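Architecture at a glance
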Amino acid sequence: MSVARTVAETLDSAAFARAYALTAFTTAFAGPLIENLVGSAVLTTIMVGLVIIGAAVLFVRRAELTWIRFIPSSIALILLWTFLSFAWTSDQRWTWLGMWGAAGYAFLAIVIAHTRDSLQTVRAIGDVLRVLLALSIVVELLSGVIFDTPFAFLGVQGNLTAGGPVQGIFETRNMLGLVSVIALVTFVVEMQTQSVEKPRAIVSIAMALALIGLSLSPTAIVLVGVVAVSAIALAIVRATSPERRTAVQITLASLVVGAITIGLIFRHQIILWLGAGTDIAMRADLWNALLDYSRLRPWQGWGYFGPWAPNEFPFWSINDRSGGDIHLSALNAFFDVLIQLGIVGLVLFLFAAGLALTRSWLIATQRKSILYAWTPLVLITLLANSMLESAVLSSIGFMLFVLCATRAGQVKSWRELLDAPRPQSPPNQPG
């Protein structure tokens, strides 16, 4: 057997596909830890290696791929506009790094979507997050209890004995909260599908809930509420007979619009209850300054950066005008898309998000297995988080967004029309 054939068989094996998914998810979720420990150059090297290996895997499996289904058109348009922004960006070096970083995480998601099925993907994410959340607890115990000192190089403040906030290995409490909510959704789906032992699932769920609480993140609290309501709504639709589902969907949509309206009317009371008044005021100042610069380039934006380059224009000026704090994002994904990719980019992002959510929601209501609930619930988590953070636009956030959109597009897409059998003409009848 030749070396080339041995390598090809290895790349084509299920064991290698599982190992690749685990490595890719670990790299994406643990990106902050890798950067803090060994530097961004090492993280970049790992990413480049994963992209090259992923390309080799797809090449070996090329006979299994339908290229027209390779990537959703909506995601392809976002990536195309991101690359085009290199022509008018305010800093080509940062845009070069940002756009290739986004493309890299998107490519990892596409490779996994084409080499792992839905259950295997959920299991891989569950296995990775179990380890990373446990590691976060260990780090917090070392910092807050054993050594009783902050681990500044990891962004850990050592507040465990004070009841939080804790950051784990994810640098900020809000990022820990987001990852923990995604983990919670994943662990519950694992338990419901009986893909892991029940004791392990229960311990995993308890660990995710504990870290959500210890993070003291108002964003995480909101996300838990949004996911809980979404899960209940999904369960109601799934339990409804097919002929009544449309009416139920319309009713639920009306309730969502009503809840949003009530939330806007009583927003000040809600902010006060969450204890986030100062935080919201800071964000409002940031967004007002951002909108002033967005009007200078309304349609195309200032070029894609991903996380902000705080010393580059217009970001240093936005930070300066909003109070002088150094922000690495707009703290809102939609505002971030607007300032970086303009109105065109925002429309493309909203279209991709809406299409992916609609597809995945319909799939989850029509398929019998609860497994299909994972995709819309994770998308809802990412999009709800996008109101107060920009995590969906970079690293693991963007990777999960592309993964969910690709998975939904594989099952429900306009491309199904291309595969539909054409009606046969009746044979000519004798005259």
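For clarity, every value in this text was computed on a predicted model and none was experimentally measured.

**Things to note about a nonpolar patch on the surface**
Where nonpolar side chains cluster on the molecular surface, the patch consists of Leu37, Val38, Val42, Ile46 and Phe153 and spans about 420 Å² of accessible area. Of all elements in the fold, only helix H3 (31-38) and helix H4 (40-60) reach the threshold of two or more residues within the nonpolar patch. Within the fold, Val42 resides in helix H4. Val42 sits in the partly exposed class, given a relative accessible area of 34%.

**Comments concerning the packing of aromatic side chains**
Within this structure, the stated rule accounts for 15 aromatic pairs. With 5.5 Å between their ring centres and 85° between their planes, Tyr293 and Phe313 make a pair best called edge-to-face. Here Tyr293, found in helix H13 (residues 277-294), pairs with Phe313, found in the loop between H13 and helix H14 (315-321); they are 20 residues apart in sequence, far enough to count as distant. Among the aromatic residues, those joined into a ring-pair cluster are Phe83, Phe86, Trp96 and Trp100. The ring of Phe59 carries the charged tip of Arg62 above its face, separated from the ring centre by 4.2 Å.

**Description of the side chain of Arg283**
Structurally, the position occupied by Arg283 is in helix H13. Relative accessible area serves as the criterion here: at 2%, Arg283 is assigned to the buried category. A polar side-chain atom of Arg283 sits 3.2 Å from the main-chain carbonyl oxygen of Leu331. Beyond its immediate sequence surroundings of up to four residues, Arg283 is in contact with Asn174, Leu331, Leu388 and Glu389.

**Re the nonpolar core**
Generally speaking, soluble globular proteins have nonpolar side chains that are buried together. Counting residues in hydrophobic clusters, the biggest one holds 105 residues, and the most contacted among them are Phe25, Phe29, Leu133, Trp374, Met399, Leu400 and Phe401. Looking at which element gives the most residues to this core, the answer is helix H15 (residues 333-366), with 13 residues. With sequence-adjacent residues up to four places away left out, Phe29 is seen in contact with Ile125, Val128, Leu129, Leu132, Phe170, Val179, Ile396 and Leu400. Residues Ala289, Leu290, Trp302 and Ile339 belong to the second largest nonpolar core, which totals 14 residues.

**Focus: the environment of Phe29**
Turning to its location among the elements, Phe29 is positioned in helix H2 (residues 14-29). For Phe29, a relative accessible area of 2% translates into the label buried. Separated by 150 residues in sequence, Phe29 and Val179 place their C-alpha atoms 8.1 Å apart.

**A short note on the pattern of salt bridges**
Side chains that carry opposite charge are capable of pairing whenever their charged atoms lie near each other. With the rule as written, the count across this model stands at 12 salt bridges. For Arg200, the salt bridge identified is with Glu197, shortest N-O distance 3.7 Å. Take Glu197: its relative accessible area is 47%, and that puts it in the partly exposed class. For Arg283, the salt bridge identified is with Glu389, shortest N-O distance 3.4 Å. In this pair, Arg283 is assigned in helix H13 and Glu389 in the loop between helix H16 (374-385) and helix H17 (395-411), connecting sequence segments 106 residues apart.

**Focus on H3**
Within H3, burial applies to Gly31, Pro32, Leu33 and Ile34. Considering only its buried residues, H3 is in contact with H2, H4 and helix H7 (118-146). Where H3 ends, the next residue or the one after it, Gly39, has phi of about 100°, a positive value.

**Comments concerning the side chain of Ser230**
As for its position among the elements, Ser230 is in helix H10 (residues 218-239). Excluding residues that lie within four positions of it along the chain, Ser230 makes contacts with Trp361, Leu377 and Ile380.

**Observations regarding the packing of H2 against helix H6 (residues 92-115)**
Each packed pair of helices is defined by two parameters, the angle between the axes and the distance between the axes. The interhelical angle for the contact between H2 and H6, taken along N-to-C directions, is 150°, at an axis separation of 10 Å. Taken as axis vectors, H2 and H6 run roughly antiparallel relative to one another. The handedness of the crossing between H2 and H6 comes out as left-handed. Here H2 contributes Ala17, Tyr20, Ala21, Ala24, Phe25 and Ala28 to the contact with H6, which in turn contributes Tyr105, Leu108, Val111, Ile112 and Thr115. When its residues are assigned to classes, the contact of H2 with H6 shows 10 nonpolar, one polar and no charged.

Definitions and limits used
Residues numbered from 1 in each chain as written. Predicted model: local features only at pLDDT ≥ 70, side-chain atom pairs only at ≥ 80, totals over all residues. Heavy atoms only, no water. Patch = residues over 30% accessible without salt bridge, like charges linked within 9 Å, V, L, I, M, F, W, Y side chains within 5 Å. Areas by Shrake-Rupley, 256 points an atom, 1.4 Å probe, with all protein chains shown as cover. Salt bridge = Lys/Arg side-chain N within 4 Å of Asp/Glu carboxyl O. Helix = DSSP H or I, 4+ residues; strand = E, 2+ residues; numbered from the N terminus. Buried < 20%, exposed > 50% of the residue type's maximum accessible area, 1.4 Å probe, protein only. Phe/Tyr/Trp six-rings, centres within 6.5 Å; stacked < 30°, edge-to-face > 60°. Lys NZ or Arg CZ within 6 Å of the ring centre and 35° of its normal. Polar contact = N/O pair within 3.5 Å; in protein donor to acceptor, adjacent residues only side chain to side chain. Contact = heavy atoms within 4.5 Å. Core = buried A, V, L, I, M, F, W, Y, C linked by side-chain atoms within 4.5 Å. Axes fitted to C-alpha atoms, helices over the stretch in contact; angles between N-to-C directions. Parallel < 35°, antiparallel > 145°, perpendicular 65-115°, else oblique. Left-handed = near helix turned anticlockwise from the far one by under 90°. Nonpolar A, V, L, I, M, F, W, Y, C, P; charged D, E, K, R; others polar.

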